[in-house]
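Below, each chain spelled out in residue letters.
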Amino acid sequence: AQLLAFVSEPILVSRIGSLVLAESLGWGTAARGRYAALEALCSIPGMFASGHAQKKLGTAPTLMLGSVAALAQHLLCGWWVKESWQQCLMPLVAMLRGLGVAPLGAMLQRAVEDAGIAQAEFSGLRSALQSFAALVATILWSRWFSHCVHIGKPRRFHLGPAAVAGAELALGCLALGLGGAA
């Protein structure tokens, strides 16, 4: 699940997402830069409130809310957004997406402690996994975007990150024991 989270990190997906904005909406460099700043700004409240939300709602609901928001954001970008004003509404979803930050970190910390892994070792392993995910994401998202442009549907790019967000949500449910099995 952590690998999927790294592969679908907003910073990695937004690199190609910027090209989607150029292809599908005709946005220039300055407009894409302003949008990236707006999206980053809107994600801060969710990340800031993540710990508080986890205390109020619990780990599972907060993690699921963040994952559902990521899935919704990509699906809306892939199928609903046709105009610039619609795209400008998407950073509002990023506020909820940030809620998943604290619960995921807490779950990882708990798993590390339960496994008896030293903090320094975990930090090194996590950094290696993040670097590997960045490599995979760069290749994956570039090739997927090229395919979407080739078929004349650049906005379909967002369905790739949506699929990863859906898999991340499913794995999160399994990890939290929310699969429905009693």
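All figures in this text were calculated on a predicted structure; none of them were measured in a lab.

Peer 1: Can you help me understand the environment of Q2 in this one?
Peer 2: Inspection of the secondary structure assignment puts Q2 in helix α1 (residues 2–7). Considered as a pair, Q2 and C173 are 171 residues apart in the sequence and their alpha carbons are 13 Å apart. Residues within four places of Q2 in sequence aside, it is in contact with L104, L108, R126 and L129.

Peer 1: Please clarify how a nonpolar patch on the surface should be interpreted in this entry.
Peer 2: On the surface, L3, F132, L135, V136, I139 and L140 cluster together into a nonpolar patch covering about 500 Å² of accessible area. Per-element tally for the nonpolar patch: the top contributor is helix α8 (residues 119–150), with five residues. Looking at the element boundaries, L140 is found in helix α8. L140 sits in the partly exposed class, given a relative accessible area of 37%.

Peer 1: Sorry, what's going on with the packing of helix α3 (residues 29–57) against helix α7 (residues 101–115) here?
Peer 2: Packed helices, taken two at a time, are described by their axes: the angle between them and the distance between them. It is the contact of α3 with α7, at a shortest axis distance of 7 Å, that shows an interaxial angle of 65°. Contacts between α3 and α7 involve M47, S50, G51 and Q54 on the former and, on the latter, V101, A102, P103 and A106.

Peer 1: Sorry, what's going on with helix α2 (residues 10–25) here?
Peer 2: Residues spaced three or four apart along an α-helix point in a common direction, a consequence of the helix completing one turn every 3.6 residues. The terminal C-alpha atoms of α2 lie 20 Å apart, and with 16 residues this falls more than 12% below the ideal 22 Å at 1.5 Å per residue. Within the sequence span of α2, burial applies to L12, V13, I16, G17, V20, L21 and L25. Turning to α2, the residues buried within the fold contact α1, α3, α4 (59–80), α5 (84–87), α8 and α9 (159–175). Note on α2: the residue one or two positions beyond its end, G26, has a positive phi of about 75°.

Peer 1: Before we go on, may I ask you to explain the confidence of the model for the chain in this structure?
Peer 2: If pLDDT is low for a region, its predicted coordinates should not be looked at in detail. The pLDDT averaged across the chain works out to 89; a share of 97% of its residues lies at or above 70. Mean pLDDT in the chain bottoms out at α7, which sits at 80, and peaks at α5, which reaches 96.

Peer 1: What is the right way to read the state of the cysteines from this model?
Peer 2: Simply put, disulfide is the name for a covalent bond between the sulfur atoms of two cysteines. Per the stated rule, a full pass over the model turns up zero disulfides. Summary of cysteine pairing: C77 is not part of a disulfide, and the nearest cysteine sulfur, belonging to C88, is at 11 Å. Left unpaired, C88 is separated from the closest cysteine sulfur, that of C42, by 10 Å. Here C88 falls in the partly exposed class, since its relative accessible area comes to 38%.

Peer 1: Hey, could you run me through the packing of aromatic side chains in this one?
Peer 2: Any pair of aromatic rings gets described here by the distance separating the centres and the angle formed by the planes. Within this structure, the stated rule accounts for four aromatic pairs. Here the aromatic rings of W80 and W85 are separated by 6.0 Å at their centres, their planes lie at 85°, and the arrangement is edge-to-face. You can call W85 exposed: its relative accessible area is 54%. Between W141 and F157, the ring centres sit 5.8 Å apart and the planes meet at 80°, which makes this aromatic pair edge-to-face. Of this pair, W141 sits in helix α8 while F157 sits in the loop between α8 and α9, and the two are 16 residues apart along the sequence.

Reading the values: the criteria
Residues numbered from 1 in each chain as written. Predicted model: local features only at pLDDT ≥ 70, side-chain atom pairs only at ≥ 80, totals over all residues. Heavy atoms only, no water. Helix = DSSP H or I, 4+ residues; strand = E, 2+ residues; numbered from the N terminus. Contact = heavy atoms within 4.5 Å. Patch = residues over 30% accessible without salt bridge, like charges linked within 9 Å, V, L, I, M, F, W, Y side chains within 5 Å. Areas by Shrake-Rupley, 256 points an atom, 1.4 Å probe, with all protein chains shown as cover. Salt bridge = Lys/Arg side-chain N within 4 Å of Asp/Glu carboxyl O. Buried < 20%, exposed > 50% of the residue type's maximum accessible area, 1.4 Å probe, protein only. Axes fitted to C-alpha atoms, helices over the stretch in contact; angles between N-to-C directions. Expected span 1.5 Å × (residues − 1). pLDDT = per-residue confidence, 0-100. Disulfide = S-S within 2.5 Å. Phe/Tyr/Trp six-rings, centres within 6.5 Å; stacked < 30°, edge-to-face > 60°.

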